[in-house]
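# Understanding the architecture of this molecule
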Amino acid sequence: MLTDHFPLLGLRLSTPRLELGLPAPEQLGALADVASEGVHDPSTMPFTVPWTDLPPAERARSVVVHHWATLGAWSPASWTLPFTVIWDGQVVGQQSLSGKSFAVTRECSTGSWLGRRFHGRGIGTEMRAAVAYLAFAGLGATAIVSAAYTDNPASLGVSRKLGYSNDGINRDVVQGRLQISQRLRLSRERWLEGKRLSVRVDGLEPCLPLLGVLGLKE
């Protein structure tokens, strides 16, 4: 079976309302369809790489190509889990968890997008909480980090709800204009103190060598 050679395909996170995992081909197609329909208000740009400015068909194709490229570049020293998020039987967006030299840094970063028609339902908070659980409870991370532009209150709000603290700013150039992003950090101690989402993790153990964390889990 393919999962014998790449067990990350069998990794699944389940929350009260969501399922997260690497997508089967038909789910990847559905994810591309969601992207083609729109991810955010066209008058704003929440991403450093403005991929959502592409025409719908090219935007959809970019999701597929980026997914394959992410997995094709996999290394235990530098990895990104591009989870597809399913809510009420529908593919609604993507939530990633990344690690670089995780065995040393014990720090993960996150990124996400959600189809515009699924905004305002608390899905963004729940899917971020799911990967926070994986990072802290599954991988033994000491911190997870995120960032959002200061004109993206929805993403910043998710971080605040989950207990992140400010961690400085970045100055980026996006579409030829200066954009200020707020860096945010959630420590393991802060996560343990807070109210945590119920998350079931399946298929993690065989994935640990690919994540570079064998023997690190606490």
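The rules we used
Residues numbered from 1 in each chain as written. Predicted model: local features only at pLDDT ≥ 70, side-chain atom pairs only at ≥ 80, totals over all residues. Heavy atoms only, no water. Phe/Tyr/Trp six-rings, centres within 6.5 Å; stacked < 30°, edge-to-face > 60°. Buried < 20%, exposed > 50% of the residue type's maximum accessible area, 1.4 Å probe, protein only. Lys NZ or Arg CZ within 6 Å of the ring centre and 35° of its normal. Axes fitted to C-alpha atoms, helices over the stretch in contact; angles between N-to-C directions. Helix = DSSP H or I, 4+ residues; strand = E, 2+ residues; numbered from the N terminus. Parallel < 35°, antiparallel > 145°, perpendicular 65-115°, else oblique. Left-handed = near helix turned anticlockwise from the far one by under 90°. Contact = heavy atoms within 4.5 Å. Nonpolar A, V, L, I, M, F, W, Y, C, P; charged D, E, K, R; others polar. Core = buried A, V, L, I, M, F, W, Y, C linked by side-chain atoms within 4.5 Å.

## Here's the deal with the packing of aromatic side chains
Applying the stated criterion to the full structure yields eight aromatic pairs. Between F47 and W51 the ring centres are 5.5 Å apart and the planes differ by 40°, which places this aromatic pair in the tilted class. For the pair shown, F47 and W51 are each scored as buried. Feature note: the residues F6, W74, W79 and F102 constitute an aromatic cluster, connected by ring pairs. When the ring centre of W191 is taken as origin, the NZ or CZ atom of R196, which lies over that ring, is 4.9 Å away.

## What about the packing of helix α5 (residues 123-138) against helix α6 (residues 153-161)?
With their axes 9 Å apart at the nearest point, α5 and α6 run at an angle of 50° to one another. By the angle class used here, α5 and α6 are oblique. Of the two possible hands of crossing, α5 and α6 adopt the one that is right-handed. Residues G124, T125 and R128 of α5 touch α6, and the partners they reach there are S155, V158, S159 and K161. In terms of residue class, the contact of α5 with α6 is made up of one nonpolar, four polar and two charged.

## As for the nonpolar core
Core analysis: the largest hydrophobic core is formed by 60 residues, its most contacted members being L81 and L211. Broken down by element, this core gets its largest block of residues, eight residues, from α5. Aside from chain neighbours lying at most four places away, what touches L211 is L8, W74, P76, W79, L81, L139 and L204.

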